[in-house]
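# Structural features, examined
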Amino acid sequence: MPQFHPADSTDAYLAQIPPDVLQRAIDYTHGSHWLVLFSALVGILINVVVLRLRLLERWRARCERHGPRPWRTALLVSLVFYGLVWLLDLPWALYARWWREVRYGLSPQSAGAWLAESALSAVFSAVLLSVLLMLLYALMRRAPRTWWLWSGAVTSAMIIFIVVISPVVLEPVFNHYQPLAAGPQRAAIAAMAAEAGIPPQRILAYDGSKQSANYTANVAGMFGSARIAVSDALLNQAGTAELRAVVGHEIGHYVLHHALLQALLYSVLLTGAFLIVHLAYAPLARRLGVPQLARLADPAGLPLLAIIVTAVFLLLTPVTNGMGRYVENQADQYSLAHAREPDGMAIALLRTVDYRAPAPGALEEWLFYDHPSIARRIQRAVDWKRQPG
Ligand SMILES: [Zn+2]
C-alpha cells in the first residue's frame, strides 16, 4: 500500500497515487458501472425464466390445495420465489461480487467463505422480504385501488426496523464485535463520540478485514441501538488523523439522521414504483405471454412485480446516487467541523482509490457515483483548511 502525505492542493494529493494503482482503479470503476446495468438485466431475465417455467403457479396451486389461505400462500410463495431467484442468480453473483473483488485484490475471502456468508444473508433476506410481501399482498387484496400508496409507508417502516435491529441481531452473525480497548485510538475518537451522545463503551472494533481491506467504519443503528464500529483494517493501518477524520464522517451520518432521511426518500421512490406496478402490471403480464397472471393480488405473479420494480430502480439510479452524494458531502462537512482533520481526511480518501476512480467526468459522476468523487471531496477538505479561522 502506498504511503500518502499531507499536501497543499488537490492536484498535489492526486499526484501521489501511483500510476498502476490509478489505472486499476479506473478499470475497476468502469466495470462497476456496467455491473449496475448487467445486474438489473440478469435479474429481469431470471424473473422471465421463472414466469415461463410456471414454477410459482404450480407452487401456489399446491399451497392452496386445501382451500384458499391467502396470508399463508403469499408468505410461502414469496419464500420459494426468493430461494429460486437467489439460486439462479448465484453464478452471476459469484462473478460480480466475489471473483471480481478477489481479482482486483479487494477481498481476501475464499469462494467457500463467501458462499457461506451469502447463503446466511439470503436466509435473513428471504424471511424479512417474505414477511413484507405478505403484508403487501394483504394490502392489494383489501385496498385494490390504493394499495400502492400504503405500501411505500409499510416498506419504509420495514427498512427502519431492519436498520434498528441490524447492529443487535444481524451484524454479530457475520463479524465479531468487541469494545475498542482504552488506549490512544479510543482516546482519539472518544470526545467526538461523546459530543454526539455515544458513550465510549459503544465504540467497537470488528474484524472487517476478513471480508475486505476497505478502510472503513460505520455508525449503525438508530435511537438507542447506535454504536460506532471501526474495522480492524482501518485500526491497523491508519494514523490518528485519518482515524479521526473517518470516524468523524461516520458520526456525521448518525447525528444528521441520514438513515432516517434515506428511508424517507426510498419510501417516496417506492410509492412511485408501486404506482407504476399498479398501472403496468396487467399489460406486462399479457405482453410476456402469461395473461393468466394478470390479477395483481396473485402472488404467483411476483416475478412481474419484481421486473417492474427492478426496471424502475435502474432508471432511478441517478436519483438514488444523487441522494447518496448529498449525504456523503454533509458527513464530510461534519467531520471537517468536528474532527478538524482535513489532511487526515484527504489521506483516508486517497486510500479508497482502490475501488473508486478519483476524478471521473461530470456526467459519469452524476450517473454512477454514490459518493462524491475523491477529487471533489479532497478539494473541499483543502478549501476548509484554507478558510480563515
Ligand atoms: Zn459516508
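Attention shifts here to helix 4 (residues 70-103). An α-helix turns once per 3.6 residues; consequently, residues spaced three or four apart project the same way. With 34 residues, helix 4 should cover 50 Å at 1.5 Å per step; its first-to-last C-alpha distance of 46 Å lies within 8% of that length. Maximum bend of helix 4: about 55°, positioned at L90, with proline P91 one to four residues after it. Of all the residues in helix 4, the buried ones are T73, A74, V77, S78, F81, D89, L90, A93, A96, W98, R100 and E101. Against helix 2 (19-52), helix 3 (55-63), helix 5 (111-142) and helix 11 (302-315) lie the buried residues of helix 4. Phi for G105, located one or two positions after helix 4, is positive at around 70°.

If you trace the four strands from one edge of the open sheet to the other, you get 1-2-4-3, paired in mixed fashion. The open sheet is flanked by strand 1 (177-179) and strand 3 (217-220), the only strands paired with a single partner. Ignoring which end each strand starts from, the neighbouring axes of this sheet average 30° apart. Pairing analysis gives four bridges linking strand 2 (residues 203-206) to strand 4 (residues 227-231), with the strands arranged parallel.

A word on the packing of helix 12 (residues 317-338) against helix 15 (residues 374-386). At a minimum axis distance of 11 Å, the contact between helix 12 and helix 15 shows a crossing angle of 30°. The orientation of helix 12 relative to helix 15 falls into the category roughly parallel. The hand of the helix 12/helix 15 crossing is right-handed. Contacts from E328, N329, D332, Q333, L336 and A337 of helix 12 reach helix 15 at R377, R380, A381 and W384. Residue classes in the contact of helix 12 with helix 15 are distributed as four nonpolar, two polar and four charged.

For the zinc ion, every protein donor is listed as H249 (NE2), H253 (NE2) and E328 (OE), and the spread of their distances is 2.0 to 2.1 Å. One chain supplies every donor to the zinc ion, and in sequence these donors are spaced H-x3-H-x74-E. Linking H249 with H253, this pair stays in helix 9 (residues 240-255), spanning four residues, or about one helical turn. With respect to class, H249 is no different from H253; both count as buried.

This part is about a nonpolar patch on the surface. Judged by side-chain polarity, W71, L79, V123, V127, V131 and L135 come together as a nonpolar surface patch covering roughly 470 Å² of accessible area. A per-element tally of the nonpolar patch places helix 5 first, with four residues. On the basis of relative accessible area, L135 is assigned to the partly exposed category, the value being 34%.

Time to look at helix 10 (residues 258-287). In this model, helix 10 (30 residues) spans 40 Å end to end at C-alpha, consistent with the 44 Å of a helix rising 1.5 Å per residue. Where helix 10 bends most, the angle comes to about 50°, and this point is A280, followed within four residues by the proline P283. For helix 10, every residue scored as buried is listed here: H258, A263, L265, S267, L269, L270, T271, A273, F274, V277, Y281 and A285. Phi turns positive, to about 75°, at G289, one or two residues after helix 10.

Within the largest apolar cluster, 42 residues are counted, with the highest numbers of intra-cluster contacts made by W147 and V277. Listed by contribution, the elements that provide at least two residues to this core are helix 2, helix 4, helix 5, helix 6 (147-174), helix 10, helix 11 and helix 12. At nine residues, the largest contribution of residues to this core is made by helix 11. In this structure, W147 is in contact with L139, M140, F274, V277, H278 and L296, ignoring residues within four places of it in sequence. Within the second largest apolar cluster, 23 residues are counted, among which are I189, L234, L235 and Y334.

In this section: the pattern of salt bridges. Scanning the model with the defined rule gives eight salt bridges in all. Across the pair R244 and E341 runs a salt bridge whose closest N-O atoms are separated by 3.0 Å. Here R244 is found in helix 9, whereas its partner E341 is found in the loop between helix 12 and helix 13 (342-351), with 97 residues between them in sequence.

Our next topic: the pairing of strand 4. Within strand 4, five of the five residues are buried, which leaves the element mostly enclosed by the surrounding structure. Because side chains alternate across strand 4, one face comprises the buried residues R227, A229 and S231, and the other comprises I228 and V230, equally buried. In this sheet, strand 4 lies alongside strand 3 in antiparallel orientation, the contact comprising four bridges. Within strand 4, the position partnered with A220 by the bridge is R227.

Calculation rules
- All chains use their own residue numbering, which begins from 1 and follows the written sequence.
- In keeping with the model being predicted, local features are shown solely for residues with a pLDDT of at least 70 and side-chain atom pairs are shown and tallied solely at 80 or more, while totals for entire chains, interfaces and linings include all residues.
- Side-chain numbers come from the whole structure's heavy atoms, not from hydrogens or water.
- Helix and strand definitions here come from DSSP, where helices need a minimum of 4 consecutive H or I residues and strands a minimum of 2 consecutive E residues; each element is numbered from the N-terminal end.
- The span one expects for a helix is its residue count, reduced by one, times 1.5 Å.
- The term bend refers to the angle at a residue between two fitted axes, each drawn through seven residues, those ending there and those starting there.
- In this scheme, a residue with accessible area under 20% of its type's maximum is buried, one over 50% is exposed, and one in between is partly exposed, where area comes from a 1.4 Å probe on protein chains only.
- Any two residues whose heavy atoms approach within 4.5 Å at even a single point are treated as in contact.
- What makes two strands pair is DSSP finding at least two bridges between them.
- Angles here are taken between N-to-C directions and fall from 0 to 180 degrees, while the axes themselves are lines fitted to C-alpha atoms, restricted in helices to the stretch in contact.
- Should an angle fall under 35 degrees it is taken as roughly parallel, and over 145 as roughly antiparallel, whereas 65 to 115 is taken as roughly perpendicular and any remaining angle as oblique.
- A clockwise turn of the near helix away from the far one marks a right-handed crossing, whereas an anticlockwise turn of less than a right angle marks a left-handed crossing.
- Under the scheme applied, nonpolar residues are Ala, Val, Leu, Ile, Met, Phe, Trp, Tyr, Cys and Pro; charged residues are Asp, Glu, Lys and Arg; polar residues are all the others, including Gly.
- Shown as donors are all N, O and S atoms within 2.8 Å of a metal ion, widened to 3.2 Å for Na, K and Ca; because water is not in the atom set, sites may appear incomplete.
- Here the term patch refers to residues with relative accessible area over 30% and no salt bridge, with like charges joined within 9 Å and nonpolar side chains (Val, Leu, Ile, Met, Phe, Trp, Tyr) within 5 Å.
- Using a 1.4 Å probe, the Shrake-Rupley method yields the accessible areas, and only the shown protein chains count as cover for residues.
- Take a side-chain nitrogen of Lys or Arg and a carboxyl oxygen of Asp or Glu: if they are within 4 Å of each other, that pair is a salt bridge.
- Definition used in this section: a nonpolar core is a set of buried Ala, Val, Leu, Ile, Met, Phe, Trp, Tyr and Cys residues joined via side-chain atoms within 4.5 Å.

The values are spatial; any link to function lies outside them.
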